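# Architecture at a glance
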Amino acid sequence: MTVQHEVKLSDLRCLCDPSMFNFETTADIEPLDQVIGQERAVRSITFGLEMKSAGYHIFVTGPEGTGKTTIVQEIVRKAAKALPTPPDWCMVNNFKDEFRPRTIPVAPGHAARFAKSLNRLISDLKIRLPKEFQADPFREKVIEIQKRYGQQKKDHFDALDRSALEKHLKVEKTPSGYQTIPMNGKVPYTEETFEKLPDTERAGLEAAVQDFQAEVQAAMREVNRLNQAQQKEIQKLAGELARFVVKNRFDLIRESYRDQVEVLLFLDEMQEDLVDNVGLFLPHSPESEGNGDAPESTMELSMNRYRVNVLEDRSGMAGAPVVFETNPTYQNVFGRIEKKAYMGTLLTDFTMVQSGSLLQANGGFLILEVESVLAHPQVWDSLKRSLQNKMLCIEDMSSDMGLGTVSLRPAPVALDVKVILLGGYEPFQILQNYDLKFNKIFRVRADFDYEVARTDETVRLYAQFIARVCLSEALLPFTADGVSAVVEYGEKAIDSKNKLSLRFGSVTGVIKEADYWARKENADRVTSTHVVKAFTEYRFRYNLYEEKIHENYVEDTIMIDVAGEVVGQVNALAVFQVGEIAFGRPSRITAETFMGKSGLINIERESKLSGKMHDKGVLILSGYLGRTFAQRYPLSLSISLTFEQSYSGIDGDSASSTELYAILSSLAGIPIRQGIAVTGSVNQKGQVQAIGGVNQKIEGFFDVCRSKGLTGSQGVMIPAANVKNLMLKRSLVEAVKQGRFKIWQVGTIEAGIEILTGKTAGRPDGEGHYPPETVYGRVQRKLENYLKQTLKLKKELISGK
């Protein structure tokens, strides 16, 4: 009865034959230069990179360890090499509004050169302009202007004096201005003599002084006009000289940037501002005299207006930039405006603006990890805004936080960048469902797979991947059997004989650790022995908890029978996950059936130790029992079902078939073989469905049986759908080969109960009756007795009333 359900030895593990490789070591083959099994992701990324329309930024999903970060960077860098190198970026002063500096593009690799040329220009003008202004030609012209206007002012004062003399008045200059004084002959009146004058005479002199004051004011206005005209003419002369000196030097710079409109525009503005502020270059200028404590520092601060702040210089770059920002804080992504202490206050200007990764990647590609970005909400909102508007704003965070500090607000920079977000499934599902702008900006999804079909081609590519890791990491070459062992590890990691794992992070770890153990033995190549050693040692480092759990089974602290027969008791299998290590262990399920109307009582659920998936699995059992045994009469029973010695939460439905076997055994009164552990979920039709962790579960029960003693009648019963997932360890396969352990596969509950009890499940006749000595016949008889007894008791109660 059980032989036909035994899994064939060849199905327990897929072996990779080293003879399929035509090399001695991986040093003899070409390293991998392509992506294994990620055609969907590669095509999506390529589409996103080549799509130039707005909103086609890329988000990359996939499990950790699939190499998506490395692969994305390789694809992006390859695409970047085919693109032109974008311009450099410089921040310069806005001479019209110093709080709104501008960012201008400069030909690639020329930004630093441009900044140095202007620095040299300023240094040259600091020497040249003072010399020109101190030269005799300029000084003579200034003196001539001063003499000419000085004579005109003297003529006005002489005329004013004559007019005053005619009116017996005199004009005297005082610290507070010009004062008109009445004359007593040739001598001014004193205060005493003036007070002694008759009232009428004194009033007349006061009126004369008052009338003459208008002439004084008119004369002063004319003198002021002459002073302004003189200053204007001197400034014009100085401007002409400065323009002559400056223009020749600016023209040399303009020649180098004649095709760059924004650079030429800035040079024009800078030249005019420099001419207007030529006094900054002269000794004892008003700007420096205003601060006697530090005139040189003040002058340097003033000269900053002519400096160039190189934000990005792409010297030596071939193609477009590719930036992977691993720490996407606001300042790292968008840039920052720094400040420095000066004389008890904080100062900033455009020379203290620093670029971020978004500007560094402008004209190219920016790669970000979405979890890191979402850890800084302000970064996420600003990133979306920048990508939608295609404008980058470098702002001071303090202003956004409402601190109210005065700072710069540089003009926005035109943004042309492709952003690639990397992350797991969960953050992207949240963004797609709840962020309205996300789907408008990130329209391209590249989904990385975690497995690939196992074919001869993918196995050979695996070998080339190993060769690539060995070459890049300077590891010892792998032999053919060493490669086969890694391939088998890739199969086991994915729990499938027909698939290979694409989680190359863990595969690379095995390769590196195998190299370590080979070197420990002074080997010149890595063999399968070293690969097995690497995996064994890795598990040993992590499996202390597994060993402690196993000790509880050996010492009978956890009660598990691996021999004999018990009614209503079955060994279920569960998987424990500790970090990256997963292992299986058995647990006892018991069922007790009795009269009543409570139906199926799940003790785990009643004690709030059951998860939703487990509750669903238990409820399905009621559907199966009703479908199978309640077509002619209702069920009238109570069932108590529990995981024995389970004190923590239970979830999942992989034990639902096990629970059903325990119930059937209890109802039929037929014992179940305790040497068999069971896993598999069940549907209402009685079909046994696939579960996860099948290898860990089988190996876990095998370890317990081996510790308690293998009898040859022990084994594990699994869903038939899980046979393809078998990749069992070699010691277990060897035990099966020797007949000391067995693996059964079933597709229905009927087949499973026959293996567990050794009795026929039974098939119903046309009226729904099962043969009396079959398992289901005995269950049916027990249920009929429950119903009859219930009706009898009910009748007696009614009659007793």
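On a predicted model such as this, the values are computed, not experimentally measured, just so you know. (Residues numbered from 1 in each chain as written. Predicted model: local features only at pLDDT ≥ 70, side-chain atom pairs only at ≥ 80, totals over all residues. Heavy atoms only, no water.)

This part takes up the overall build of the protein chain. Within the protein chain, the regular secondary structure consists of 28 helices and 30 strands. A compact globule built from 801 residues would reach a C-alpha radius of gyration of about 28 Å, whereas the protein chain, at 47 Å, exceeds it by more than 25%. Along the three orthogonal principal directions, the C-alpha set of the protein chain runs to about 155 × 85 × 45 Å. Within the span of the protein chain, comprising 801 residues, buried residues form 48% of the whole. Look at the contacts in the protein chain between residues 6 or more apart in sequence, and 76% of them connect residues 24 or more apart. For the protein chain, the computed accessible surface area is about 40300 Å², with 51% contributed by carbon and sulfur atoms. (Helix = DSSP H or I, 4+ residues; strand = E, 2+ residues; numbered from the N terminus. Rg over C-alpha atoms; globule rule 2.2 N^0.38 Å. Buried < 20%, exposed > 50% of the residue type's maximum accessible area, 1.4 Å probe, protein only. Contact = heavy atoms within 4.5 Å. Areas by Shrake-Rupley, 256 points an atom, 1.4 Å probe, with all protein chains shown as cover.)

Glancing now at the confidence of the model for the protein chain. The predicted model of the protein chain has a mean per-residue pLDDT of 88, with 96% of residues at 70 or higher. Ignoring residues within four places in sequence, the model shows residues 285-295, a span with pLDDT below 50, making ten contacts including any to other chains. (pLDDT = per-residue confidence, 0-100.)

Put simply, helix H18 (residues 480-493) and helix H20 (residues 528-542) touch, their axes get as near as 7 Å, and they point 35° apart. Of the residues in H20, those touching H18 at Asp 481, Gly 482, Ala 485, Val 486 and Tyr 489 are Ser 528, Val 531 and Phe 535. Here the contact of H18 with H20 is built from residues that sort into five nonpolar, two polar and one charged. (Axes fitted to C-alpha atoms, helices over the stretch in contact; angles between N-to-C directions. Nonpolar A, V, L, I, M, F, W, Y, C, P; charged D, E, K, R; others polar.)

So, about the side chain of Lys 68. Along the chain, the position of Lys 68 falls in helix H2 (residues 68-81). Among the residues examined, Lys 68 registers a relative accessible area of 5% and is labelled buried. Beyond its immediate stretch of four places on either side in the chain, Lys 68 contacts Val 60, Thr 61, Gly 62, Pro 63, Gly 423 and Phe 448.

To continue, consider the environment of Glu 30. Tracing the sequence through the fold places Glu 30 in the segment before helix H1 (39-50). Sequence spacing of Glu 30 and Ala 677 is 647 residues, and the spatial spacing of their C-alpha atoms is 47 Å. Setting aside chain neighbours within four positions, we find Glu 30 in contact with Gln 464 and Ala 467.

Strand order in the open sheet formed by seven strands is E23-E24-E22-E21-E26-E29-E30, with mixed pairing between adjacent strands. If you trace the sheet from one side to the other, it starts and ends with strand E23 (599-602) and strand E30 (742-746), each paired once. For this sheet, the mean angle separating the axes of adjacent strands, direction not counted, is 30°. For strand E26 (residues 676-678) and strand E29 (residues 715-719), the ladder comprises three bridges, and the chain directions are parallel. Looking across to E29, one finds that Val 678 is bridged to Met 717. In the packing of helix H23 (residues 612-629) onto the sheet, contacts are made with E23 and strand E24 (638-643), and the angle to E23 comes to roughly 160°. (Pairing = 2+ DSSP bridges.)

A few words on the sheet that holds strand E5 (residues 177-184). Within the open sheet, the three strands sit side by side as E4-E5-E6. Their pairing is antiparallel. Whereas interior strands pair on both sides, the edge strands pair on one side only; in this sheet they are strand E4 (169-174) and strand E6 (187-188). Sheet topology places E5 next to E6; two bridges connect them, and they run antiparallel. Bridge pairing in E6 places Asn 184 opposite Val 187.

In this section: the packing of aromatic side chains. Tallied over the entire structure, the rule returns 26 aromatic pairs. Ring geometry for Phe 47 and Tyr 56: centres 6.0 Å apart, planes at 80°, overall edge-to-face. Residue Phe 47 is classed as partly exposed on the basis of its relative accessible area of 42%. Seen in terms of ring centroids, Phe 629 and Tyr 770 are 5.9 Å apart; in terms of plane orientation they differ by 50°. Their pairing is tilted. Of this pair, Phe 629 sits in helix H23 while Tyr 770 sits in the loop between helix H27 (749-757) and helix H28 (775-800), and the two are 141 residues apart along the sequence. By the burial criterion, Phe 629 is buried, and Tyr 770 matches it. Pairwise contacts between aromatic rings join Phe 95, Phe 114, Tyr 257, Phe 266, Phe 281 and Tyr 306 into one cluster. Over the face of the ring belonging to Trp 517 we find Lys 533, whose NZ or CZ atom lies 5.0 Å from the ring centre. (Phe/Tyr/Trp six-rings, centres within 6.5 Å; stacked < 30°, edge-to-face > 60°. Lys NZ or Arg CZ within 6 Å of the ring centre and 35° of its normal.)

On to the pairing of strand E3 (residues 102-106), then. Counting buried residues in E3 gives four out of five residues, a clear majority hidden from the surface. Sheet topology places strand E2 (residues 88-92) next to E3; five bridges connect them, and they run antiparallel. Bridging across to E3, Trp 89 finds its partner in Pro 105.

Here we take up the nonpolar core. Formed by 44 residues in total, the largest nonpolar core has its most connected members in Tyr 661, Leu 664, Met 717, Ile 749 and Tyr 776. For this core, the element with the most residues is helix H24 (residues 656-668), which contributes seven residues. Contact partners of Ile 749, with chain neighbours within four places excluded, come to Tyr 624, Ser 657, Leu 660, Tyr 661, Leu 664, Val 682, Gly 686, Val 688 and Tyr 776. Core analysis: the second largest hydrophobic core is formed by 40 residues, Ala 242, Tyr 257, Leu 267 and Met 303 among them. (Core = buried A, V, L, I, M, F, W, Y, C linked by side-chain atoms within 4.5 Å.)

On the surface, a cluster of negative charge is made up of Glu 191, Glu 192, Glu 195 and Glu 206. Here the negative patch takes three residues from helix H5 (residues 191-196), the largest share from any one element. Among the structural elements, Glu 195 can be located in helix H5. (Patch = residues over 30% accessible without salt bridge, like charges linked within 9 Å, V, L, I, M, F, W, Y side chains within 5 Å. Salt bridge = Lys/Arg side-chain N within 4 Å of Asp/Glu carboxyl O. Lys, Arg positive; Asp, Glu negative; His and termini not counted. Charge placed at Lys NZ, Arg CZ, Asp CG, Glu CD.)

It is worth spelling out H27 at this point. In terms of burial, H27 is largely enclosed, as eight of its nine residues are buried. Positive phi appears at Gly 758, one or two residues downstream of H27, with a value of about 75°.

Within the structure shown, the criterion is met by 38 salt bridges. Between Glu 488 and Arg 13 there is a salt bridge; the shortest N-O distance is 2.9 Å. Residue Glu 488 is found in helix H18, and its partner Arg 13 is found in the segment before H1; the two are separated by 475 residues along the sequence. Of the two residues examined, Glu 488 and Arg 13, each falls in the buried class. A salt bridge links Arg 468 to Glu 74; the nearest nitrogen and oxygen atoms lie 2.1 Å apart. One end of the pair, Arg 468, is in helix H17 (residues 456-473); the other, Glu 74, is in helix H2, and 394 residues separate them in sequence. Judged by relative accessible area, Glu 74 falls into the partly exposed class, the value being 33%. Connected through shared salt-bridge partners, Lys 247, Asp 251, Arg 254 and Asp 268 make up one network.

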